[in-house]
Structure formats: C-alpha cells, structure tokens
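# Chains, contacts and geometry: an overview
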Amino acid sequence: MKIRHILSLLFLSLMIGCTKDFEDTNQNPNNPTKVEPDFLLTTSIFQAMNLYGGDMNRVVFFNYTQHFSGFQGEFQRYSFNNATNSAYWKSTYIGCMQPVNQVVVNFKDNSAYKNRVLIAQIWKDYIISNAVSMWGAVPTNEALSGSPSVPFTKEEDIYHNLLADLKQLASSIDLSGDKYGAGADKVFGGDLLKWKKFANTLRLRLAMRISNAAPNGNPEAAKKVAQEIFADEQNTITAQAETAAAVWGTSSDTWSPLYNYVVYNYTANKATIPVVNESLIYHMVPYSDARLAIYAQPAKQGPQVNKFFGQNISYGGGSQYASGQVNPHTGLKQDDYSYIGSRFLKPDAEYVFISYAEACFLKAEAALKGWGGSKSAEQYYNEGIDASYNRYGLTAAQATAYKNTLGIKWSTASDTTGRSSQFKDWLQICSSYIAPGDNYKQIIMQHWLAIPGQGVDAWALIRRSRVLEFQPQFATYDGDYAYLPNRIIYPSDEVNTNSAEVNKAIKWLNGPDNLTTKLWFSLPTKKNPFLPF
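In this section: the overall build of the protein chain. The helix and strand inventory of the protein chain stands at 18 helices and 4 strands. Taking 2.2 N^0.38 as the reference for a compact globule, 533 residues should give roughly 24 Å; the C-alpha atoms of the protein chain span a radius of gyration of 23 Å, in line with that estimate. Expressed along its principal axes, the backbone C-alpha trace of the protein chain runs to roughly 75 × 50 × 45 Å. Here the protein chain holds 533 residues, and 60% of them are scored as buried. When the accessible surface of the protein chain is summed, it comes to about 19,800 Å², and 50% of that surface belongs to carbon and sulfur atoms. Computed over 48 positive and 46 negative side-chain charges, the inter-centroid distance for the protein chain is 3 Å.

Okay, unusual backbone geometry next. With omega at 10 degrees, the peptide bond leading from Ala214 into Pro215 counts as cis. Structurally, the position occupied by Pro215 is in the loop between helix 6 (192-209) and helix 7 (219-231). Of note in the backbone geometry, Gln66 takes a positive phi value of approximately 65 degrees without being a glycine. Structurally, the position occupied by Gln66 is in the loop between helix 2 (37-65) and strand 1 (68-69). In this structure, Ser411 takes a positive phi of about 70 degrees despite not being glycine. Here Ser411 shows up in the loop between helix 14 (396-403) and helix 15 (439-449).

Every other side chain in a regular strand lies on the same face of the sheet, so the side chains alternate between the two faces. Within strand 4 (residues 350-354), 4 of the 5 residues are buried, which leaves it mostly tucked inside the rest of the structure. Sheet topology note: the strand 2 (residues 244-247)/strand 4 ladder contains 4 bridges and is antiparallel. Counterpart to Val247 in the pairing with strand 4 is Glu350.

If you look at soluble globular proteins, the nonpolar side chains tend to sit buried side by side. Counting 159 residues, the largest nonpolar core has Trp123, Phe198, Phe353 and Tyr490 as the members making the most contacts within it. Per element, the largest residue contribution to this core is 14 residues, and it comes from helix 2. Beyond its immediate stretch of four places on either side in the chain, Tyr490 contacts Asn85, Trp89, Trp135, Gly136, Ala137, Phe152, Val495, Val502, Ala505, Ile506, Leu509 and Asp513. Among the nonpolar cores identified, the runner-up in size contains 6 residues, and Val275, Phe309, Leu332 and Tyr339 belong to it.

Predicted confidence across the protein chain gives a mean pLDDT of 93, with 94% of residues reaching 70 or more. The low-confidence segment residues 1-32 (pLDDT under 50) makes 74 contacts with residues lying over four places distant or belonging to another chain.

What follows covers the packing of helix 6 against helix 7. Relative to each other, helix 6 and helix 7 sit at 150 degrees, their axes nearing to 9 Å. One element, helix 6, and the other, helix 7, form an angle in the roughly antiparallel class. Crossing angle aside, the handedness with which helix 6 passes helix 7 is left-handed. Residues Asn200, Arg203, Leu204 and Ala207 of helix 6 touch helix 7, and the partners they reach there are Ala222, Val225, Ala226, Glu228 and Ile229. Of the residues in the contact of helix 6 with helix 7, the class split is 6 nonpolar, 1 polar and 2 charged.

This model, assessed by the stated rule, comprises 43 aromatic pairs. Geometrically, the ring pair formed by Phe188 and Trp195 is edge-to-face, given 5.2 Å between the ring centres and 85 degrees between the ring planes. For the pair Phe188 and Trp195, a shared accessibility class is recorded, and that class is buried. Ring centres of Tyr295 and Tyr392 lie 5.2 Å apart, and the angle between their planes is 80 degrees; on these two criteria the pair is classed as edge-to-face.

Within the secondary structure layout, Arg487 lies in the loop between helix 16 (455-465) and helix 17 (492-497). Among the residues examined, Arg487 registers a relative accessible area of 0% and is labelled buried. A polar atom in the side chain of Arg487 sits 2.7 Å from the side chain of Asp513. Side-chain polar atoms of Arg487 contact the backbone oxygen of Asn514, separated by 3.2 Å. Not counting the four nearest positions on each side in its chain, Arg487 is found in contact with Met134, Trp135, Trp459, Arg463, Leu509, Pro512, Asp513, Asn514, Leu515, Thr517 and Leu519.

Turning next to the pattern of salt bridges. A full pass over the atoms with the stated rule returns 18 salt bridges. Between Lys90 and Asp493 there is a salt bridge, with its nearest N and O atoms 3.6 Å apart. Within this pair, whereas Lys90 is found in helix 3 (residues 82-107), its partner Asp493 is found in helix 17, the two being separated by 403 residues in sequence. Looking at Lys90, the relative accessible area reads 32%, which means it is partly exposed. For Arg343, the salt bridge goes to Glu350, with nearest N and O atoms at 3.2 Å. A relative accessible area of 27% means that Arg343 is categorised as partly exposed. Salt bridges sharing partners connect three or more residues here, namely Lys167, Arg203 and Glu228.

Attention shifts here to helix 13 (residues 377-391). Here helix 13 contains 15 residues, and its C-alpha end-to-end distance of 21 Å stays within 8% of the 21 Å for a straight helix at 1.5 Å per residue. Among all positions of helix 13, only Ala377, Tyr380, Tyr381, Glu383, Gly384, Ile385, Ala387, Ser388 and Tyr389 are buried. Where the residues of helix 13 are buried, they touch helix 7, helix 11 (292-295), helix 12 (356-368), helix 14 and helix 15. Count one or two residues on from helix 13 and you reach Gly393, which has phi positive near 75 degrees.

Moving on to helix 6. The terminal C-alpha atoms of helix 6 lie 26 Å apart, and with 18 residues this matches the ideal 26 Å at 1.5 Å per residue to within 8%. With 16 of 18 residues buried, helix 6 lies mostly within the body of the structure. Its side-chain oxygen placed 3.1 Å from the backbone nitrogen of Leu193, Asp191 serves as the N-cap of helix 6.

Attention now goes to the side chain of Asp125. The topology assignment puts Asp125 in helix 4 (residues 114-135). Put simply, Asp125 is tucked away with no salt bridge, and the nearest opposite charge, on Lys124, sits 6.9 Å away. With sequence-adjacent residues up to four places away left out, Asp125 is seen in contact with Leu162, Asp165, Leu166 and Leu169.

The subject of this paragraph is the environment of Glu378. In this fold, Glu378 is placed in helix 13. Linking Glu378 and Glu365, residues 13 residues apart in sequence, is a C-alpha distance of 9.6 Å.

Conventions we followed
- All chains use their own residue numbering, which begins from 1 and follows the written sequence.
- With the structure being a predicted model, the display of local features is reserved for residues of pLDDT at least 70 and the display and counting of side-chain atom pairs for 80 or more, all residues being used for whole-chain, interface and lining totals.
- In computing side-chain properties, one takes all heavy atoms of the structure into account and sets aside hydrogens as well as water.
- Numbered from the N terminus, helices here are DSSP runs of H or I no shorter than four residues, and strands are runs of E no shorter than two.
- Taken over C-alpha atoms, the radius of gyration is set against a globule rule of 2.2 Å times the number of residues to the power 0.38.
- The cut-offs for exposure are 20% and 50% of the maximum accessible area for each residue type, with area from a 1.4 Å probe on protein chains only; residues under the lower value are buried, those over the upper are exposed, and the others partly exposed.
- Areas reported here follow the Shrake-Rupley algorithm with a probe of radius 1.4 Å; residue values treat only the protein chains shown as occluding.
- When charges are tallied, Lys and Arg are placed among the positive residues and Asp and Glu among the negative ones, while His and the ends of the chain are skipped.
- Charged groups are reduced to one reference atom each: NZ for lysine, CZ for arginine, CG for aspartic acid, CD for glutamic acid.
- Any two strands are treated as partners once DSSP identifies two or more bridges connecting them.
- Put simply, buried Ala, Val, Leu, Ile, Met, Phe, Trp, Tyr and Cys residues joined by side-chain atoms within 4.5 Å make one nonpolar core.
- We call two residues in contact when some of their heavy atoms are within 4.5 Å.
- Scored from 0 to 100, pLDDT reflects the predictor's confidence in each residue.
- Note on method: axes are straight lines fitted to C-alpha atoms, helices fitted across the in-contact stretch only, with angles between N-to-C directions ranging 0 to 180 degrees.
- An angle below 35 degrees is read as roughly parallel, one above 145 as roughly antiparallel, one from 65 to 115 as roughly perpendicular, and any other as oblique.
- By convention the crossing between two helices is left-handed if the near helix lies anticlockwise of the far one by an angle smaller than a right angle, and right-handed if it lies clockwise.
- Residue type decides the class: Asp, Glu, Lys and Arg count as charged, Ala, Val, Leu, Ile, Met, Phe, Trp, Tyr, Cys and Pro as nonpolar, and the leftover types, Gly among them, as polar.
- Here the aromatic set is Phe, Tyr and Trp, taking the six-membered ring for Trp, and pairing holds for ring centres within 6.5 Å; pairs whose planes are under 30 degrees apart are stacked, those over 60 apart are edge-to-face, and all others are tilted.
- Here a polar contact is taken to be a pair of N or O atoms separated by no more than 3.5 Å, where protein atoms must pair a possible hydrogen donor with a possible acceptor and residues adjacent in sequence count only if both atoms sit in side chains.
- Any Lys or Arg side-chain nitrogen found within 4 Å of a carboxyl oxygen on Asp or Glu counts as a salt bridge.
- What a helix should span is 1.5 Å times the count of its residues minus one.

Shown next as structure tokens:
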C-alpha cells in the first residue's frame, strides 16, 4: 500500500495536530501536490481501519460493546488515559481525515477529479460521523484549516449537516465520470455506484441514530431522511457484494493490529490477549446461533474446555450481588476462555464499515416505525439474518433454522423453559430474553450480532437503543460499579491548545466533560433493576 511513503509525504507537509499551522514544504504549505488522490484515499482507508479496527477497538470498544473482552486497563475499566485519548484524536484528524481533506483542498476546482473529490468528501463525512458519536461536538469544516483555535460544531448541527451533505454528494456522482483506480480504492475497487450506495446507506445509519424522540434526537428529521432513502432504495446497499469493507495485508507494516497483538506477539501479550465476551455467549448459545462458531473458538483449556466460554469484562466481579452463586470466573486466565474466531485473527482480516446485513436491519427499524420501505419490517429483518449468515459462509439452511427459533422468529418469545439461566449472565441480572411481540429488540439484537468487531458502530447502536442487557463494569477505579460510558472525554491536548472552543463544546453537552454525560442522540443510561442506584 506504500503507506509509510505516503504518510512521510503527508507529515512533511501537514501539521502534527489538527489545530496547528502547516509546516513549510516547497512554496505552498497547504498543497502537497506530489501526492495524487489515489494514494491519499488509500492512506485514509488504511488509517481508518487501524484506528477503528485496531488499538482503539481492542482497548476501548471491546469492553464497551461486549462482543469481545479487552482485558483490564483504564479504558477497559470505564475510565480513560489522557495520552491515549489524545492519540486517538490526532489519529482521527491527521491519520484518517487529513489525507482525504487534501484531495478536496487540492483538486476541488479540477473537473477531471470531480468524482474523486466527491468520494473523498463522503469518506471525510464517514470519519466525522464516527468522531461525533464518540466525543459529541467536534471540529468539522474548519478542522484542518490551520487555525490555532479551530471552531467546534454543535453535535445536533453535525448530524443535520452530514445528512444534507451526503444527500448532495451521492446525487452528484457521475457514474460515467472519473474514478479511483481499483488498486487504490480498497473498499470498492473504484466502483462509483457502490460509493453512491455507501453514501446513501451511511445517511440512513445516521438518520436512525438520531431517530429517538426529543430531547434525545429528532424523529421528524430522521423520518424525512428515511422516506427519501426508501424512495430511492435501489441506490442503497442491497447485496452482499456492496458491503463496504477492506482487508489488511500480509506484510508486517500492513497486517491487522489484532493479528499482531494476539497471534504474532502472543507470547509477549499472553496475559492480556482479548477473548470472547460472556455477553456474546448468552445472546447466541440459547438460540443455537451458528455464527458463534465463526465469532469464537471453543475453549482449549480450563473449566469449559471444548465449549464456548466467554469472559466477563469485570473478571466475574460483582460477587456482592451474586446471592450465593459461585463465581465461575474466579482465578481464570485468558487461555481458559474462548479465543476470538480465527476469521478475525488473520493478518489480512477484513474490517467492515457498513454491511449489507446492517443496511437490512436499518431498513427493518425504519419500516417498523412506519417510515416506508419496499418490504415489511419482518422481511427486512429476515433478509438481514440471511445476509449475516451468508457473509460468514454459513448455509441458507442454517439461516432458516435460526430464523425459526423461538425468540428469533418474528414476534415470538424466547423459549426459556427449564433453561432460563442460559439466557443470562453469570450474576443472573441481565438477559437476552425476547418478550412476545418485541420486534424492536429483535431488530436491535440482530443488528448487534451482525457487526462483531465494529466497535464504534456497535457502541452507538447500544447507546441509542438501550434494549440490550449487559453487566455494568464491576472492576472500576471509582465505586462499586459503573454503567457503559456515554462518550469519550475531550483530549487534554485539545483542552490545553483550544480551550475556548472546548469550553464552548462542553456547555453544549449539558453536563460535565466526563464519561457519564449523555450525548444528544442517545437515550439515558438504563439502570439495572437488580443493582442499587
């Protein structure tokens, strides 16, 4: 991918922070003209994969989304580390956003690059959509202008701006015009129609993210967008081949960060390797979900050898609430649990940005609200399950059997007769039980199950829906337990260098700059009824 060479060019000509001046390179500090759009897009995609699918995924999102378990550390215990947080912020703006921003800055007035500029803008919007879901108000249009005090944009305004911008960008793509080379476009191989569909599906994702009733969203705006999307549904992701995904490489400078940590450096990291999460187990085992054999490997040792056994994110903490139950996690090591599935541990593993399955579940949710669609909510729901099973190489017969399982079958309740504990965490305070007719939870649960490893996306889904039940963190640094963080705090570097704008953004939060302050789009934290408030 020539990543190191490309980054060297960028870092010679660009700032090493999103609010500082550009360095002088040749005659124009803002114009690295020797770097073509193809190389810049490749760089941005690769850096996005490494951020959202790499260290940030393992350190932050694994324990936030509960597909996998990321061991114990500051973020993992629902706290934070200032240096690491600042690194994530810089990676967002410099590693991920700056390359495509340079495509826009340097080629926007050249008609020969029209589509490539549009795609760069779409990808920039994708990165912004992730940043706003993590921090809240963030710098957007002027983020990379070189200003020492770059302005922040209000969270609600970012969503409305993104929804309008993506609509314009998708409609402006000329399918007979210029495009990125197949080797440079690691997501769609230069296919312009797929980029158009990606933009529209991203727009639907953001519309559903803000679909809660005020003050936790704007359902009228979301409804309008969903109806527009359904009116042009053929230009959304509608097939497996249209899934937005890319793969890492097989050389040491391009392979998957998870492979590097878990497999290549297993000996050094043996005590802290991530494993499968307990929550994933009790959402899959009682429903005989065939995807579990893809997501996890049977334990190779320990008390549940040859079985799927997930680690509790608190290592079984919370014993004071166990009512005499034996803690099954006491004294266990990482190797006593199920490893993450081998599909996710390959050097050239896949990272998914938006899948066909997710597109189906977004449409199912919108249809359930009565916002349109060419199919019923049930049809989109079943299509999403089929798409997820197909993505992982499972058969149509396996998908059909799963769709006919009580609790998974549309509008049915889970069959817990004689085995209710299988549907619960070890403390018996959280459950994957589906009540009769609870179609919304069915859709959200399947959406979550279809996106393992997509930490930034799963975290946003969990916060905006609040229907999936996961244990709080019992191994916190403060107090007996902590619920899922609502956001990441602003990085100390940004606070120190851009204090006026950060303080303005904090006021927009309607709460302190901490992990528990709710972002606009999400619902309030749902307290567990088995724990004291």
